[in-house]
Structure formats: structure tokens, C-alpha cells
Amino acid sequence: MNIIACIKQVPNTTDVKIDSQTGRLKREGVESIINPFDEYAIEEAVRLKEKNPGSKVTVITMGPPQAESALREAISRGADEGVLVCDRPFGGADTLATAYALSSAIKHLGNFDIIFCGKQATDGDTAQVGPGLAEMLGITHIAYVKKIENIDGKTIRVERLMEDGYDVIECGFPILMTVVKEINVPRIPSLKGKMNAKKAVIKTLTAADVNADLKRVGLDGSPTQVMKIFTPPQRTGGEKFSGEPQDIALSIVGKFKELGIV
Amino acid sequence: MEYFLTEEEKMMVETARNIAIEKMKPVREHYDEKEEFPWEIVKEFAQADLCGVYIPEKYGGFGQGIMGLVLVVEELCKVDGAISLSLAATALGTLPILIAGSEEQKTKYLPDIASGKKLAAFGLTEAGAGSDATGMATMAVKDGDYYILNGTKCFITNGGEAETYTIFAKTNPARGARGISCFILEKGMAGFEFGKKEKKMGIRASSTRELIFNNCKVHKDQLLGKEGHGLMIAQATLDNSRPGVAAQALGIAAGALDEAVIYARKRVQFGQPIASFQGIQHMLADMATEVEAARALLYATARMIDANVGKPEKEQKRTSKESAMAKLLCSETAMKVTTNAVQILGGYGYCRDYPVEKMMRDAKITTLYEGTSQIQKNEIALNLIKESAAKNK
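Residues numbered from 1 in each chain as written. Chains lettered and ligands numbered in written order. Predicted model: local features only at pLDDT ≥ 70, side-chain atom pairs only at ≥ 80, totals over all residues.

Of the regular secondary structure elements, chain B holds 11 helices and 10 strands. Its C-alpha atoms give chain B principal-axis dimensions of about 80 × 55 × 40 Å. Put simply, chain B has 393 residues, and 51% of those count as buried. Pairs at least 24 residues apart make up 76% of the contacts formed inside chain B by residues separated by at least 6 positions. (Helix = DSSP H or I, 4+ residues; strand = E, 2+ residues; numbered from the N terminus. Buried ≥ 20, exposed ≤ 12 C-beta atoms within 10 Å, placed from the backbone. Contact = placed C-beta atoms within 7 Å.)

Given below as C-alpha cells:
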């Protein structure tokens, strides 16, 4: 079974600070990590490989040269190969251009049975690249997968997380799934995994390598452009009531009456 | 302090730290309280390849010697000194095979231990044979291709949970120290049973049990090394394993020191953090200096042991003295530092809501097993005298 996991390197948002002057993320000195949702995608891909001997997990990311470290970390978590889609023209891509670039790279790599993606990235939070990629590859996709119930040579049955429960969906291959955190607990990189990661040769693919249409990649291929990034101003004003709970309740009800709410 | 660890050594430390913080920390109180064996964590050790760090690569290990074992055990024990014992005591049970095993025995037993599929245990101590191993009563009587074992071992770490046991028994009582042999036993063999499980002050997540041999038939292929070489194997094992105990002690001490510093910075009395008081500062300074000195001696000892690997026997250096020194200093430091950590945390330190109370309980065993501190001093003095006698005839 050929399994692909698509990942993204993101800033570690737990320690990101925002520049109050420009309103932008201060990226300097901020550690880059694998998008946390993609860790579930890698783990599920590796588990599937372990259950199906002879399978291979390829991890793909599009990003700057330093995104190579994310691929090495994925290898330390059990993936076999890393592919970095990296070229100047890919820069500044929105979700559509990213999905196109990844689809070109995956077509270039050849056969696959399953693609895993995290449900969304913690920096952009769009959840669009996974489904977009499936459309461009012309394959089935299931988003928000929380469990793989069964898998055999022809079909796969999964549980898709919904707001009020879950759907059970069965379909054939090839398939793209985006996964949610309920699906597994990602492993801690093993020593042998880390040694493999150290030795691994990361394959780099350029726009020319994957025959990408330059009008569809990077900034030029992106219909959405970021105009401005800012932190919404904190809500101000309001009135604070303090004291004993009973007195506060009375004051609030009084206020409601005054405002004609009750 | 910078110890110039290799890239592989840093990897082991990082992996052990991840497991300790992400997996062990949330459950350490549970296992201490319930006295259950921490199988869920053993699986994590196995998955991360930590079980075989000291086992050569050709048998499926990570080939990082005693230094590898020391680094991993120290890092795990900073968080919990009891759960990690499943791994450290397995090393003790495995060392006799590494030291004296035939190629067949190594190939048969080491890969499953390296992968973490099986745990091991070391069976020397008996009710009447602690510091004096020659006092053991367990007998192995030759009968054709077999030895018949009878007797009871006590205080066996990993007892009942391990699959592979290295057991010492008398094959020729008339020969005293040269009449003891070592055998590899497997859980489930007829006549091999488990007895009483001890209830202990500390290391409560670790199983400490009796092993009972009742006409247990062991094939001669299970003899480790030559008949009568058992005590030599045991001594060589302890020379290699005492740094493991020292690492456990050092990790507990380092963990307690961290807790004490964090607490001293936060705890406010008389209008200021207690870390601003010179009395507390001097205690912390002593603790940190003692921990670092213990670490330096331990790492140097581990490097000395590993430097013997691959050398012809004549060029190898015995490390009995250094191993004993490292264990003595680390374990006594652990007791001192954990006691002072409890002191700094005051009443809170005495309560189970804070981890230092457990650290102090866990630390005590390190001054007792694999030879008490007094036995380490005997070993050190004996070697001093021997060395002097060799130089000044």
C-alpha cells in the first residue's frame, strides 16, 4: 500500500507574539513545528503501514528549504521518505495554489492508495488544502475522519466526526482523508526513527520537476491575497458588578429592567 | 555543565525526556499509590527503542553501552525513579548474558530484550545471603543434561513481570565462592514459581518478589559461562550495573533539586520569595554542587567502562572501584538532596501533593540495593589496598 501524508511546517503558536506596530506575527526566534493536526495524519499513515507489511509512507510538504526539518521529524515518527516541494515560484501561495502544487507533485510521484492530511493548519485554519487537493487529483475525499473502522484490499470504512455524532462512510481507493485529533495519539519519535531521519535523503521537487503551470502556483496562482493581518481590538467598556452574589444578582436584574430587557 | 555528549547520546536524552514528561509524569502518583506494574509505560520505552540502548546493535540494540544506560535512566528518574526501574533492572538481569553468554545464548535472548518485548531480572539475593552471596542456599544439582534447582530468592526486582531471569545457584557447595554458577531461566518453566510480593517504602511501581525453585529442571545449555564462574559473573555484572543504580539516584536528586528551586522562587514568606533568603540559597547551592559532582564522577565511570569494549582482555581495566565510588556518591547525594528538597518545601514537601516526598522515599533504596553504601566502601577500600600492594611490594 502506498500511503502519502501531507504536512505543513507552522510557527509554534503557543509562544508566538504579535508585533503591536505592524500587527504581524513575530516569526524571529519562534520555533517551527509540524502542524499539530498533521502529526495525527503521520501517525495514522505509519500505523496503517505497520498493519500492512510492505507498505510505504511518503511525507510531502511545500515550503521553504527549512521545511526539510519537518520532513525529517516525520521520518523520525516512522515515515519512510520525505519530499520537499520547494521553489521560488511556489512562494506566497494561498490554499488553491498550494493544493495545485501538491497535486502536481503527487501526480509526479506516481501511484498512491491513500493520502492523509491534518484537518487544518494552526496558522491559517482554513481546512481547504486537503479537500482542494483531492478535487485536483480527481479522487474521493472524506474530511474529519476520527477512526478507520476497517480496511481491506478494495474498500475502507471510516467514522467521520460531525457536530452531533459521527457518520460511517465506506468507499474505495484511492482516497484522501483529513483527520481530527480523536483518531490517535501520535508516538514519540524513537531512537531508530531519529537515526533514520538523520540519514534520510530528502527529495526536493521544483516547479519544473513537477511540470507545474507557473500561472497556477505561488502568488500569481492565488485568487486570495492577504490585505492586512491584525489583532481585533479587545472589547472595552461594560460595567462591572462586584460584591456578594445576592447583591450582584439584584443589581444585574435592576440593570436589565432599566434597559427594558426584562 | 557541558559533558560533550555525542549526537546519539543527545538523542537518547531527548527521547527519554519526552517519554518522562509526556507519558510518565501524568501517571507517576497513580503507580506509586496503587503499586501496580507500569506496563503501559514499558510499552512506551519499547516503542521509543529505549529498552536496548546498552545492547550492541547486532542484537537489535542501540549500541550505546553503559553511558547510554546511564543517560536514559538518569533522565527518566528525574521524573520518576520507580517506573524507570522496569528498564534499569532489566539491564541488571541482562548484563550476565552480555558478559558471559555464548553467541547462541545472546542471539536467543538479547533481541527480545532490546526490543522491549521481554523484561529481565537478576536473581542473586536470598533471605540468608545479601551482602554475602556465598551464604546462598539455592542448589543446582547436575542430573544428566540437566541441573535441578531448589531454593528461594528474595527481593527480586521485576520478579513475576520479567520473562528472562539470570539466577545464581550453588553447583559445588564445597568450593565456596567458586562453587556458584549462573543460569538463564524463563518464566513458565516447570518448578519455577513466584512467591511473596514486597510492600515497600519507595519504588512502589516496581515489583519486588520472591522466586521459588522447586525441582526446577534447567537444561545445561542454559548455564552461563562455566560451572563455578557464577560469582565472577555476578561481580562483573555489578561493576557494570552499579552505574545504573547511580544514574537512578542521580536522576532522582536532579529532579528533587529542580522542584526545590521552582518552589523556592514561588513561595512567598515575610513578603518575599524564600529563594531570596541566604539560608535557602546556600542549601540550593550545596544541592546543585553535590548533584553536579556526582554526575561528573558517574559519567567518567561510565566512559571508563565503555572504553573496555572491543579491547583484548589483558588491556581491559577493572572498574569495580570506580563503579562502587559512583554508586556510593550518587546514592548518598540522592538521599541528602531529596531530604533537603523536602526541607525547603516544608510542610508541603511532606505531603503527597508535591513530588519531593516520593522522591525521598524512592531515593533510599539506591543506598541499599546492589550493595549497601557500606559494601561500596568495602569494595573501594579493597581495591585501594590491592592497588597499593601491587605498586609497593
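Scanning chain A from terminus to terminus reveals 6 helices and 13 strands. Oriented by its inertia axes, the alpha-carbon framework of chain A measures out at about 70 × 45 × 40 Å. Among the 262 residues that make up chain A, the fraction classed as buried is 38%. In chain A, of all internal contacts separated by at least 6 residues, the share reaching a separation of at least 24 is 69%.

The next thing to look at is the domain arrangement of chain B. Residues and elements named next belong to chain B. Under the domain assignment, chain B is made up of domain 1 (7–119), domain 2 (121–224) and domain 3 (230–391). Computed over C-alpha atoms, the centres of domain 1 and domain 3 are 19 Å apart. On the domain 3 side, the residues contacting the 23 residues of domain 1 number 23 residues. Listed by contribution, the elements that provide at least two residues to the side of domain 1 that touches domain 3 are α4 (65–77) and α5 (85–100). Tallying contributions element by element places α4 first for the side of domain 1 that touches domain 3, with 10 residues. Here the side of domain 1 that touches domain 3 is composed, by residue class, of 16 nonpolar, 3 polar and 4 charged. (Domains from an automatic or database assignment. Nonpolar A, V, L, I, M, F, W, Y, C, P; charged D, E, K, R; others polar.)

A few words on unusual backbone geometry. Cis geometry is found at the peptide bond from Phe 173 of chain A to Pro 174 of chain A, where omega equals -10 degrees. One non-glycine residue with positive phi stands out, namely Glu 35 of chain B, at about 55 degrees. Secondary-structure assignment places Glu 35 of chain B in the loop between α2 (28–34) and α3 (39–47). Of the residues examined, Glu 35 of chain B has 16 C-beta atoms within 10 Å and is grouped as partly exposed. Despite not being glycine, Glu 370 of chain B has its phi angle at roughly 55 degrees, a positive value. Its place among the elements puts Glu 370 of chain B in the loop between α10 (356–364) and α11 (373–391).

Turning to the pairing of strand β4 (residues 164–170) of chain B, a few remarks are in order. Residues and elements named next belong to chain B. Most of β4 sits out of view: 7 of its 7 residues are buried. Where burial is concerned, the two faces of β4 agree: the one with Thr 164, Thr 166, Phe 168 and Lys 170 and the one with Tyr 165, Ile 167 and Ala 169 are both buried. One ladder, built from 4 bridges, connects strand β1 (residues 120–123) with β4; its direction is parallel. Note on β4: the bridge partner recorded for Ala 121 is Tyr 165. In terms of strand pairing, β4 meets strand β5 (residues 180–186) through 7 bridges, oriented antiparallel. (Pairing = 2+ DSSP bridges.)

All names here are of chain A. Pairing is mixed in the open sheet, where 9 strands are placed in the order β11-β10-β9-β12-β8-β1-β6-β7-β13. Lying at the two open borders of the sheet, with one neighbouring strand each, are β11 (165–172) and β13 (203–205). Taking each pair of neighbouring strands and ignoring which way they run, the sheet shows an average axis angle of 35 degrees. As paired elements, strand β9 (residues 140–151) and strand β12 (residues 175–179) share 4 bridges and run parallel to each other. Bridge pairing in β12 links Ile 142 to Met 177. (Axes fitted to C-alpha atoms, helices over the stretch in contact; angles between N-to-C directions.)

Moving on, we come to the nonpolar core. With 119 residues, the main nonpolar core has Phe 183, Leu 250, Ala 253, Leu 298 and Ala 341 of chain B as its most contacted residues. Sort the elements by how many residues they give to this core and helix α7 (residues 230–266) of chain B lands first, with 18 residues. Other than its neighbours up to four places away in sequence, Leu 298 of chain B contacts Val 70, Pro 243, Ala 246, Ala 247, Leu 250, Ala 326 and Cys 330 of chain B. Of all hydrophobic cores here, the second largest spans 59 residues; its members include Phe 37, Leu 133, Ala 134 and Ile 156 of chain A. (Core = buried A, V, L, I, M, F, W, Y, C linked by C-beta atoms within 7 Å.)

Time to look at the environment of Glu 210 of chain B. All names here are of chain B. Note that Glu 210 resides in strand β7 (residues 208–219). Accessibility expressed as a C-beta count within 10 Å gives 20 for Glu 210, which makes it buried. Along the backbone, Glu 210 and Ser 131 are 79 residues apart, and their C-alpha atoms lie at a distance of 17 Å.

Right, let's talk about α5 of chain B for a bit. Residue and element names in this part refer to chain B. Under the 1.5 Å per step criterion, the end-to-end length of α5 is 23 Å for 16 residues, consistent within 8% with the ideal 22 Å. Within α5, the axis deviates most sharply at Thr 94, by approximately 35 degrees, and proline Pro 96 lies no more than four positions further along. Burial analysis of α5 places 15 of its 16 residues in the buried class, which makes it a mostly covered element. (Expected span 1.5 Å × (residues − 1). Bend = angle between axes of the 7 residues up to and from the residue.)

This next bit is on the packing of α7 of chain B against α10 of chain B. Residues and elements named next belong to chain B. Packing of α7 against α10 brings their axes to within 10 Å, and their N-to-C directions diverge by 160 degrees. One element, α7, and the other, α10, form an angle in the roughly antiparallel class. The hand of the α7/α10 crossing is left-handed. Side by side, α7 and α10 meet where Ala 249, Ile 252, Gly 255, Ala 256 and Glu 259 of the first sit next to Val 356, Met 359, Asp 362 and Ala 363 of the second. A class-by-class count of the residues in the contact of α7 with α10 yields 6 nonpolar, 1 polar and 2 charged. (Parallel < 35°, antiparallel > 145°, perpendicular 65-115°, else oblique. Left-handed = near helix turned anticlockwise from the far one by under 90°.)

Residue and element names in this part refer to chain A. Helix α4 (residues 129–137) packs onto helix α3 (residues 95–109) with a crossing angle of 50 degrees between their chain directions and a minimal axis gap of 8 Å. Accordingly, the angle class assigned to the pair α3 and α4 is oblique. The two elements α3 and α4 meet at a crossing, and its hand is right-handed. Seen from α3, the contacting residues are Thr 95, Leu 96, Thr 98, Ala 99, Tyr 100, Leu 102, Ser 103 and Ile 106; seen from α4, they are Val 129, Gly 132, Leu 133, Met 136 and Leu 137. The class makeup of the residues in the contact of α3 with α4 is 9 nonpolar, 4 polar and no charged.

Another point: the pairing of strand β3 (residues 146–157) of chain B. Residues and elements named next belong to chain B. Pairing geometry for strand β2 (residues 139–143) and β3, over 5 bridges, is antiparallel. Opposite Ala 140, over in β3, you have Leu 149 as the bridge partner. The hairpin turn running from β2 into β3, its antiparallel successor, is 2 residues long, and Gly 144 in that turn takes a positive phi close to 65 degrees. Where β3 meets β7, 9 bridges bridge the pair, whose relative direction is antiparallel. Following the sheet pairing, Lys 153 is matched in β7 by Leu 211.

Residue and element names in this part refer to chain B. Look at helix α6 (residues 103–114): 16 Å from first C-alpha to last across 12 residues, which is about the 16 Å you get at 1.5 Å a residue. The secondary structure elements touched by the buried residues of α6 are α5, β1, β4 and β5. At the exit of α6 stands Gly 116, carrying a positive phi of roughly 85 degrees.

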